[in-house]
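Examining the three-dimensional arrangement
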Amino acid sequence: MLGETSVSGVIGMVEGEKRGRLGGRSLNPYYEGRKYPEPTVCPRCDLVYRNGRWQVGEVQESGRGVNRSHCPACRREIDRIPGGIVLLSGSYISDRREEILNIVRNQAAAAAANRPLQRIMWIEDKGDAIEIATTDGHLATRIGKAIEAACKGTLSIKRGHEDQLTRVYWERKD
Ligand SMILES: [Zn+2]
């Protein structure tokens, strides 16, 4: 587990990367639109890159050789650089922590069924708040919207450009 300082340091890196980027999208190792030779297998999670996207599947080992490269989600997990951060806060969560975390886990499971690159990286208590890091901003957005739908409260979403960090804030005080 990283402390608060190192987590914000990592996030600062991502935002710095965004500022320094001049249309060089292929330089971003987390860019999901990046092309790989087909088939490519992720040695960490066994996803296969085929037909232009990472998916669950099998590759028949053959003499032609199979390319190996970490998928964008594993790269984020290895480097601990999230694509989405959800911050849940307000006194409402103190008595309903498990109920809310169940919503989070259910949304992640539903997303993973079709989108294996959308994963939760960590769930951490931050004093009175809960931080959820995801590999993908869409999953962070989905989690925030599901919690708002179930628990009301106030939701705000700051979407990242392309694959940059998306921040989702949800709060309910009463
Ligand atoms: Zn992977």
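Above this text is the structure in question.
Residues numbered from 1 in each chain as written. Predicted model: local features only at pLDDT ≥ 70, side-chain atom pairs only at ≥ 80, totals over all residues.

1. Points about the sheet that holds strand β4 (residues 67-68)
Strand order across the open sheet formed by 4 strands is β3-β2-β1-β4, with mixed pairing between neighbours. Edge positions in the sheet fall to β3 (53-55) and β4, since each has one partner strand and no second. The pairing of strand β1 (residues 40-41) with β4 spans 2 bridges and is classified as parallel. Bridge assignment links V41 to a residue of β4, and that residue is R68. (Pairing = 2+ DSSP bridges. Helix = DSSP H or I, 4+ residues; strand = E, 2+ residues; numbered from the N terminus.)

2. Concerning the packing of helix α3 (residues 97-114) against helix α4 (residues 137-151)
Running from amino to carboxyl end, α3 crosses α4 at an angle of 135°, the nearest separation of the two axes being 9 Å. When the interaxial angle is binned, α3 and α4 end up oblique. You can see that α3 and α4 cross each other, and the crossing is right-handed. Between α3 and α4, the residues in contact are I100, I103, V104, Q107, A108 and A111 and L139, R142, I143, A146, I147, A150 and C151, respectively. (Axes fitted to C-alpha atoms, helices over the stretch in contact; angles between N-to-C directions. Parallel < 35°, antiparallel > 145°, perpendicular 65-115°, else oblique. Left-handed = near helix turned anticlockwise from the far one by under 90°. Contact = placed C-beta atoms within 7 Å.)

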